[in-house]
Each structure stands twice: as C-alpha cells, then as structure tokens.
Amino acid sequence: MTDTPFMSGPPSGGASGGTSGAGTRRVALVTGAAGGLGREFAVALAARGHRIAGLDLADMSGTGELVGDAFHPVRADVTDPEEVEAAVQETADRFGGLHIVVNNAGIYPPLEFEDTALEDWRRIMRVNLDGPFLVARAALPHLKAAGWGRIVNIASAVVFLGPPDLVAYTTSKAGLVGFTRALASAVGAHGITVNAIAPGLTRTATAARTTGADGGFERVRDLQVVRAVAEPGDLVSTLLYVCGEGSGFLTGQTINVDGGSAMH
Ligand SMILES: NC(=O)c1ccc[n+]([C@@H]2O[C@H](COP(=O)([O-])OP(=O)(O)OC[C@H]3O[C@@H](n4cnc5c(N)ncnc54)[C@H](O)[C@@H]3O)[C@@H](O)[C@H]2O)c1
C-alpha cells in the first residue's frame, strides 16, 4: 500500500482549501477514546484515513481492535500537565506530526447543587476545563508547525438548557464554549480552527449509568424535536465536517447536535 504523505502546509485555495484536500491524511489525538463518544470519533476519523492517538486513563484495547494499525493508545490523565505533554509528544513522534485534537474526555456526575462539595466542583472543572486547556496548549506547537489544525471541544447541550442536577457540569461546559471562542481568536492566524460540538443526551455506557438512568433517555427524547434517543454515531457527521479540509472558515462556533431540544 502506498502511503499518502502527510501535509505539512495549508492546502491550496485559501483558508478552506475548497474540496481539494478532501483525501488528505492527518494525525488526530482523541481524548477519552476508551469508549463512548471518543471511541466512535476515533473509529470515524480512522475511516477517513487519519492516524489516531487515543488518550485515556482507561484501557483502550477495544478501540484499538476496531481501528487497527492506525491507532496508538497513550495512557495519560488529561489533568496532569506532564502526562499530557508526554502524550502529545509521543503522538507526534509516533506519527510524524499532529493536526487534529478532539477534547472529548469529560465527566458528568449528577449532583444536587447543595450537596456539591468544593472538591466535586474542582474535580469537574479539572477534567472538563483544565484538561482541554492542557491538551490544546501542548498540541499547539505541532499544529502551528503544520500550518493547519482543527481543535474540537466536546461541550454539551446543557449549556443551553441548564438542568438542575448538573450545575457544576454545565458551568464547566459553558467555560469550554468561552475557551473555544477565545482560543479560536488566538490561533486563527496559523490556519487552526477551534470549534465546539454540543451533544444532547446520547446513549453511551456512562450516560446510561448516570443521566440516562430511570427513563432519562426517554424523558429527554420527548423534549426533542427529533423523537429518537441519540446514539454516538449521530455526532459523527458533525465531527467530520468540523475537521474537514473544506471547513477552514468555520471557527469559534458551538454546534448544537441535540435533536432540536435547544435552538440558538
Ligand atoms: N453521552 C452524553 O449524553 C453526552 C452528552 C453531552 C456531552 N457529552 C460529553 O461527551 C464526552 C464523552 O462522553 P461519554 O458519554 O462518551 O463518556 P464516557 O465516560 O464514555 O467517556 C469519557 C472518557 O473520558 C475518560 N476520562 C475521564 N477522565 C479522564 C482523565 N482525567 N484523563 C483521561 N481520560 C479521562 C474516561 O476514562 C472515558 O473513557 C464528555 O466530555 C461528555 O461530557 C456526553
């Protein structure tokens, strides 16, 4: 098999490059790739021909089996600056660069506001906000060196809905929306876009254990315009669109993919 060389500069045709770079192979780092949405994203990006590093604390062998040789697992905690730096460097060394970062690792424990200890609050902020900050900061030199990059932050539709048992989580994801906007401004001149995807409640194992338990999936489904429970695959086309070669003019945006439960 002949390898298509990785692109080190921007494709021709301005910020978007039109559709000329449609088949370009890139290197992507997906955090939280052991299961759920992260696994789905890793598989989808690999199917587009990209090489994928998965970063997670949990075992990623299931994702590795699905993706095959294009997958490289790196065990790291997104809240640990040294582990994140090392994981990003390992990815760039393994695949010869880095172009796409999907900040997907996150936690969303349901918590009554008055029962939320300061340590609960801080832990949610550490994983959901410090994590994307540390990963993006470590990745940036590599994206700048390539003169092309896509940073995608997985936020949540709760930002627009404000559910009562997810105050800390909603706050963290709203912070991620602000991070997306300001970082987009900071790195736009380098051919790097930064966008967020805000999923509604989606059927993953973690969601089934927590927010989706006790009929939660059905309650949320009935609030949506689209009367179906979202599956991880329902987010893939938006991820591929945001990461696409032709999407260089799309930046600083939060795209809500929640079956129309919140419209903005
Ligand atoms: N499933 C949903 O309904 C839903 C809806 C909106 C947004 N989201 C967001 O999508 C993302 C993925 O959700 P999911 O349902 O697939 O959850 P998930 O629990 O299946 O996946 C999250 C992954 O992140 C990893 N992780 C957690 N803390 C980490 C850390 N400190 N360092 C490294 N890895 C860590 C976990 O091991 C896990 O593999 C999260 O950011 C979540 O907030 C999910």
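Reading the values: the criteria
Residues numbered from 1 in each chain as written. Predicted model: local features only at pLDDT ≥ 70, side-chain atom pairs only at ≥ 80, totals over all residues. Heavy atoms only, no water. Near = heavy atom within 4 Å. Polar contact = N/O pair within 3.5 Å; in protein donor to acceptor, adjacent residues only side chain to side chain. Areas by Shrake-Rupley, 256 points an atom, 1.4 Å probe, with all protein chains shown as cover. Nonpolar A, V, L, I, M, F, W, Y, C, P; charged D, E, K, R; others polar. Buried < 20%, exposed > 50% of the residue type's maximum accessible area, 1.4 Å probe, protein only. Helix = DSSP H or I, 4+ residues; strand = E, 2+ residues; numbered from the N terminus. Contact = heavy atoms within 4.5 Å. Pairing = 2+ DSSP bridges. Axes fitted to C-alpha atoms, helices over the stretch in contact; angles between N-to-C directions. Right-handed = clockwise from strand over helix to strand, strands pointing away.

Asker: Honestly, the site of the ligand in this entry has me stumped. Any pointers?
Answerer: Near the ligand there are 27 residues, and of these Asp56, Tyr108, Tyr169, Thr204 and Thr206 occur at the shortest range. Note that a nitrogen atom of the ligand is positioned 2.9 Å from one of the backbone N or O atoms of Val78. In this structure, an oxygen atom belonging to the ligand sits 2.7 Å away from a main-chain N or O atom of Thr202. Considered on its own, the ligand offers 820 Å² of accessible surface; in the complex 90% of this is hidden by protein. Tallied by class, residues from the shell around the ligand come to 15 nonpolar, nine polar and three charged.

Asker: What's the story with helix H9 (residues 236-243) in this structure? I'm lost.
Answerer: Each α-helix turn comprises 3.6 residues. Residues three or four places apart therefore point the same way. The buried count for H9 comes to six of eight residues, which makes it a mostly enclosed element. Every buried residue belonging to H9 is among Val236, Thr238, Leu239, Leu240, Val242 and Cys243, and all of these are buried. Buried residues belonging to H9 abut helix H1 (36-47), strand S4 (100-103), strand S5 (149-154), strand S6 (192-199) and strand S7 (254-257).

Asker: What am I meant to see in the sheet that holds S7 here?
Answerer: The pairing of strands in a sheet comes from backbone hydrogen bonds and takes either a parallel or an antiparallel form. Spatial strand order, S3-S2-S1-S4-S5-S6-S7: seven strands in an open sheet with parallel pairing. Of all the strands in the sheet, just strand S3 (71-75) and S7 have a single pairing partner and so form its edges. Adjacent strand axes in the sheet meet at a mean angle of 20° when their direction is disregarded. Bridge count for strand S2 (residues 51-56) against S3 is five bridges, and the pairing is parallel.

Asker: What am I meant to see in the pairing of S2 here?
Answerer: Each regular strand displays side chains that alternate between the two surfaces of the sheet. Of all six residues making up S2, six are buried, and the element is well covered by its neighbours. Here S2 shows a buried face lined by Arg51, Ala53 and Leu55 and a second buried face lined by Ile52, Gly54 and Asp56. Pairing of strand S1 (residues 27-31) with S2, which is carried by five bridges, proceeds in the parallel orientation. Bridged to Ala28 within S2 is Ile52. Handedness of the crossover joining S1 and S2 through H1 is recorded here as right-handed. Chirality of the crossover, the property in question, places the unit of S2, helix H2 (residues 61-67) and S3 among those that are right-handed.

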